[in-house]
Amino acid sequence: MIALLSRTPSSWGERAAARLPELVADHAVCELQAAVFALALVGRYPGDPALVDRLSALAAEEIRHFRKATKEARRLGAKPHTRRSNPYVGALRAACRSGREPEQGLDLLLAGALVEVRSHERFLVLVPHLSAEPRLARLYAELAEAEERHGPIYLDLAERHAGKEAAAARLAELLVVEAKALEGPDTGPVAVHSPG
């Protein structure tokens with residue numbers, strides 16, 4: 001279990017629910033990027049059967065979520081986009097070490113775990129604000145359950161990759177990076193991982 005160092009306030013959920021086309025379009029991109037990230041790890045570590053099996057299955061689920069989010073974004077009249085800046089993920093990736101194993105794989109897997117855990121937390125904050133959109137409320141409740149499963153998958157793979165002790169020590173460091181990546185005013189675009 002990963003205990004995040006910060007909590008998303010209800011005000012983020014209110015703001016997101018007030019700008020659903022923007023949020024859902026951003027979320028669709030998040031799902032696509034999550035699938036690509038999982039498959040990139042499969043390609044990087046093809047000799048690890050557990051990683052290959054679990055992350056390829058996770059990527060397939062993320063693609064299903066991408067399709068659902070894209071359908072909802074279209075229904076809401078959002079302009080689809082598949083590329084956009086994500087400072088939150090960028091901060092986590094910038095903190096990942098490169099070049100040496102098991103450090104590189106450990107950091108990438110822990111970054112994946114943190115993104116999933118935060119997404120789970122965000123969707124739980126969002127759902128109570130979707131009473132005017134029961135269809136989306138059901139979807140985001142379903143997606144919250146999926147994200148709740150995904151975080152532990154990445155964490156377990158990280159522990160297998162580098163050992164539980166190394167994973168716990170590095171997770172403590174990356175949790176600080178994760179919390180700082182969400183600091184700042186929530187005055188910009190609404191996104192799954194925007195400040196607030």
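The text that follows walks through the structure, step by step, so that each part is easy to find. (Residues numbered from 1 in each chain as written. Predicted model: local features only at pLDDT ≥ 70, side-chain atom pairs only at ≥ 80, totals over all residues. Heavy atoms only, no water.)

## Some remarks on the pattern of salt bridges
One pass over the full model with this rule turns up 14 salt bridges. The partner of D156 in a salt bridge is R54, with the nearest N and O atoms 2.5 Å apart. Remark: R54 occurs in helix α3 (residues 49-75) and D156 occurs in helix α6 (residues 134-162); sequence separation between them is 102 residues. Among the residues examined, D156 registers a relative accessible area of 28% and is labelled partly exposed. Of the charged contacts, one joins R149 and E61 as a salt bridge, the two residues approaching to 2.4 Å between their closest N and O atoms. Taken together, the residues span a long stretch of sequence, with R149 in helix α6 and E61 in helix α3 at a distance of 88 residues. Residue class for R149 comes out partly exposed when judged on its relative accessible area of 43%. Given a relative accessible area of 14%, E61 falls into the buried group. In this structure, a network of salt bridges that share partners links the residues E72, R75, E133 and R135. (Salt bridge = Lys/Arg side-chain N within 4 Å of Asp/Glu carboxyl O. Helix = DSSP H or I, 4+ residues; strand = E, 2+ residues; numbered from the N terminus. Buried < 20%, exposed > 50% of the residue type's maximum accessible area, 1.4 Å probe, protein only.)

## Side note on the layout of surface pockets
By volume, the largest pocket amounts to about 430 Å³. Q33, A34, F37, V89 and V115 are the residues nearest the centre of the largest pocket, which is lined by 26 residues in total. Elements represented by at least two residues in the lining of the largest pocket include exactly α2 (20-44), α4 (87-95), α5 (103-126) and α6. Broken down by element, the residue count for the lining of the largest pocket peaks at 10 residues, all from α2. Residue composition of the lining of the largest pocket, grouped by class: 14 nonpolar, 6 polar and 6 charged. (1 Å grid on protein atoms, 1.4 Å probe; cavity = no way out; pocket = protein on both sides within 12 Å on 5 of 7 lines; lining within 4 Å. Points joined across faces, edges and corners; volume = space filled by probe spheres on them. Nonpolar A, V, L, I, M, F, W, Y, C, P; charged D, E, K, R; others polar.)

## Let's talk about unusual backbone geometry
E101 connects to P102 through a cis peptide bond whose omega is 10 degrees. Here P102 shows up in the loop between α4 and α5.

## Focus: the side chain of R122
Mapped onto the secondary structure, R122 falls in helix α5. Although R122 is buried, it forms no salt bridge, and the closest oppositely charged side chain is E121 at an N-O distance of 4.2 Å. Apart from residues no more than four positions distant in its own chain, R122 is found in contact with T8, W12, L182, A191, V192, H193, S194, P195 and G196. (Lys, Arg positive; Asp, Glu negative; His and termini not counted. Contact = heavy atoms within 4.5 Å.)

## A closer look at the packing of α2 against α3
Taken N-terminus to C-terminus, the directions of α2 and α3 make an angle of 160 degrees; their axes are 8 Å apart at the nearest point. Comparing the axis directions of α2 and α3 gives the class roughly antiparallel. In terms of crossing hand, the pair formed by α2 and α3 is left-handed. Residues of the contact of α2 with α3, tallied by class, amount to 19 nonpolar, 4 polar and 3 charged. (Axes fitted to C-alpha atoms, helices over the stretch in contact; angles between N-to-C directions. Parallel < 35°, antiparallel > 145°, perpendicular 65-115°, else oblique. Left-handed = near helix turned anticlockwise from the far one by under 90°.)

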